[in-house]
Structure formats: structure tokens, C-alpha cells
Amino acid sequence: MIEILSPAEVAKARISGALVADILQAMKERSTVGTNLLDIDRWTKEMILAAGAESCYVDYAPSFGRGPFGHYICTGVNDAVLHGLPHDYALADGDLLTLDLAVSKDGIAADSAISFVVGDAARPEGTAMIEATELALAAGIAAAVPGARIGDLSHAIGSVLTEAGYPVNVEFGGHGIGSTMHQDPHVPNLGRPGRGYELRPGLLLALEPWVMADTAKLVTDPDGWTLRSATGSLTAHSEHTIAITETGAEILTVPSRSQAG
Ligand code: MF3
Ligand code: CO
């Protein structure tokens, strides 16, 4: 089912989106050398509850994971790219960390992910991958105008990733979002222009380009959740929730201090 939100619901999504962005920003600031992934998870839980919001993850039990996720944020280090289950690990200088968070407030969900390097021992290849996913995300958002089709967004995202030299995996991509986190339409990170569902105002999409340095193949950790690069190579992921408006797209997962300005 594809949900089209009313303006009042989009206003709620704006609040959920700002909350997600604020928490991600706070967690990025606290992700210093020595920080434990379980602390990031606990701080995230505290911020979600303090805001009167609900986690979209803690009870989530989709077919692609094992049982309820049981945590509040996805943490992926280096070769871990999607659905990273927080575990007892202290961040090291130069780790490439991906944080992915979705919360629901007042019945509307928002979803966003960021990748960044911890400390200052950044590897150039890691910085380049992060940039490629951010540029691909920007290209997808720019293509998200009313009347465009999902294939146009997929093509815009996929072209940036492919031209940057990364293989693209199509098992996991972006998605519709609204009263629940994962909805139709699916937004693959590769596609053909002119194909698929036609965008209209009130549609919310989570666009999420992600890459692995040298492969499109994922392997699952023994934890049943964490998806890693099959070759152990570095990975990166960038995600925003956007609302299709009459004229284009509004990014909803932006920090509260940059909204209502
Ligand atoms: N937010 C992720 C996505 O980008 C989904 C994470 S599901 C979880 O679609 F259960 F692993 F948390
Ligand atoms: Co998502």
C-alpha cells in the first residue's frame, strides 16, 4: 500500500524528522575514540523517550532479521553497512561508523542514516565513499519532483554511485514511509528512468544510497541482523526522509535548529 499524507500529517513528519536528525547529530558528536556502541544505543533510547517518541526498531521483526531488533539505533563499523546490531565494541581511531535511526512521533515515522569517520585517522577511500553516498542522495532528492517516477530517482542515485566506481546492491534500498517505517514503494539504488510509481505531493520517501568498496555481495553476521561487505571492505550509507511537495521535495530529517528559520 502506498500512503499519501495530508498536510497535517506532513507537519507531524517534519517534527519526527527533526527529532531523528537531532539525535543522529548528538550521537555523531558523542562517537569519539573509545565510545562503546552500547552507550550510543542507550543514549539514543534516552533521547527518544525524553522526546515522547517511539522507536521503530526495538520491536521490529522483519523477515530480513532475526526476531525483534531489540535496540534503538543501527551501528555499522567499517565493513558493516546495514542493520548493524549494537554490541560491546569501543570505537577506534579511524573507524568508519554508520548510524541509522528511525523513530515515530505522533504516529508518523522518519528515518535517516549518516556515515562519518571517528577520530582523525580517516582513510581517503572511506571519505570518498561517504561523499559518493551523500552526492547520490542529493541527486535522488533533486530528481524527486511531482510527476517523476521511482525509476528516475533510482537512476539518479545509481548513476552517481556507478560513476564513482562502486558496485550497487539492489536487495536493499529506499522505501515509502509514513504511519510505519517500511512501506511501498521500494526505491532501488539502480533503475531505469520513466519506470515505476509516479510521485505525487504528500508521498514520503526514505532514500538511502549505500555502497561497499569492491562488491555488491552482503554477508550476515551470526547475530542474524548485521549485514557486512562479503569481502570485508569499507562501506558507507546516507539516508534522508523527504516529502514530495507541489514543487519538489522537502528534506524532513534536518536538525530542528535549521527548520522554521
Ligand atoms: N532504518 C533502516 C532502513 O534504513 C531499517 C533498519 S531495521 C532494523 O530502512 F530493524 F534493523 F533496525
Ligand atoms: Co530506511
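Residues numbered from 1 in each chain as written. Chains lettered and ligands numbered in written order. Predicted model: local features only at pLDDT ≥ 70, side-chain atom pairs only at ≥ 80, totals over all residues. Heavy atoms only, no water.

So, the overall build of the chain
Stage number 1. Within the chain, the regular secondary structure consists of 4 helices and 14 strands.
Stage number 2. Expected size for 261 residues packed as a compact globule is a radius of gyration near 18 Å; at 17 Å, the chain falls within 12% of this value.
Stage number 3. Along the first, second and third principal axes, the C-alpha atoms of the chain reach 45 × 40 × 40 Å.
Stage number 4. Looking at the chain as a whole, 53% of its 261 residues are labelled buried.
Stage number 5. Taking all contacts inside the chain whose residues are at least 6 apart in sequence as the whole, residues at least 24 apart take part in 70%.
Stage number 6. For the chain, the accessible surface area stands at approximately 10600 Å², while carbon and sulfur atoms represent 54% of it.
Stage number 7. Each charge sign in the chain was given a centre, from 16 positive and 32 negative side chains, and these centres are 3 Å apart. (Helix = DSSP H or I, 4+ residues; strand = E, 2+ residues; numbered from the N terminus. Rg over C-alpha atoms; globule rule 2.2 N^0.38 Å. Buried < 20%, exposed > 50% of the residue type's maximum accessible area, 1.4 Å probe, protein only. Contact = heavy atoms within 4.5 Å. Areas by Shrake-Rupley, 256 points an atom, 1.4 Å probe, with all protein chains shown as cover. Lys, Arg positive; Asp, Glu negative; His and termini not counted. Charge placed at Lys NZ, Arg CZ, Asp CG, Glu CD.)

Details of the layout of surface pockets
Stage number 1. Put simply, the largest pocket is a space of about 390 Å³.
Stage number 2. What lines the largest pocket is a set of 25 residues, among which Phe-64, His-83, His-175, His-182 and Glu-208 lie closest to the centre.
Stage number 3. Broken down by secondary-structure element, the contributors of at least two residues to the lining of the largest pocket are strand 6 (174-176) and strand 7 (183-187).
Stage number 4. With 4 residues, strand 7 is the largest single contributor of residues to the lining of the largest pocket.
Stage number 5. Put simply, the parts of the chain that give the lining of the second largest pocket at least two residues each are helix 1 (7-30), strand 5 (108-117) and helix 3 (124-143).
Stage number 6. Its residues assigned to classes, the lining of the second largest pocket comprises 9 nonpolar, 6 polar and 3 charged. (1 Å grid on protein atoms, 1.4 Å probe; cavity = no way out; pocket = protein on both sides within 12 Å on 5 of 7 lines; lining within 4 Å. Points joined across faces, edges and corners; volume = space filled by probe spheres on them. Nonpolar A, V, L, I, M, F, W, Y, C, P; charged D, E, K, R; others polar.)

Observations concerning the sheet that holds strand 10 (residues 218-220)
Stage number 1. Within the open sheet, the 3 strands sit side by side as 3-11-10. Their pairing is antiparallel. Edge positions in the open sheet fall to strand 3 (80-82) and strand 10, since each of these has one partner strand only. The average angle at which neighbouring strand axes cross in this sheet is 50°, direction not considered. (Pairing = 2+ DSSP bridges. Axes fitted to C-alpha atoms, helices over the stretch in contact; angles between N-to-C directions.)

Points about the sheet that holds strand 14 (residues 249-251)
Stage number 1. One open sheet accounts for 5 strands, arranged 7-6-8-13-14; its pairing is antiparallel. Of all strands in the sheet, those with a lone pairing partner are strand 7 and strand 14, marking the two edges. Averaged over all neighbouring strand pairs, the angle between strand axes comes to 25°, with direction disregarded.
Stage number 2. Pairing analysis gives 4 bridges linking strand 8 (residues 204-207) to strand 13 (residues 240-244), with the strands arranged antiparallel. When the bridges of strand 13 are listed, Ala-206 appears paired with Thr-241.
Stage number 3. On top of the sheet, helix 4 (residues 150-163) reaches strand 7 and strand 8; it is set at about 45° to strand 7, its chief contact.

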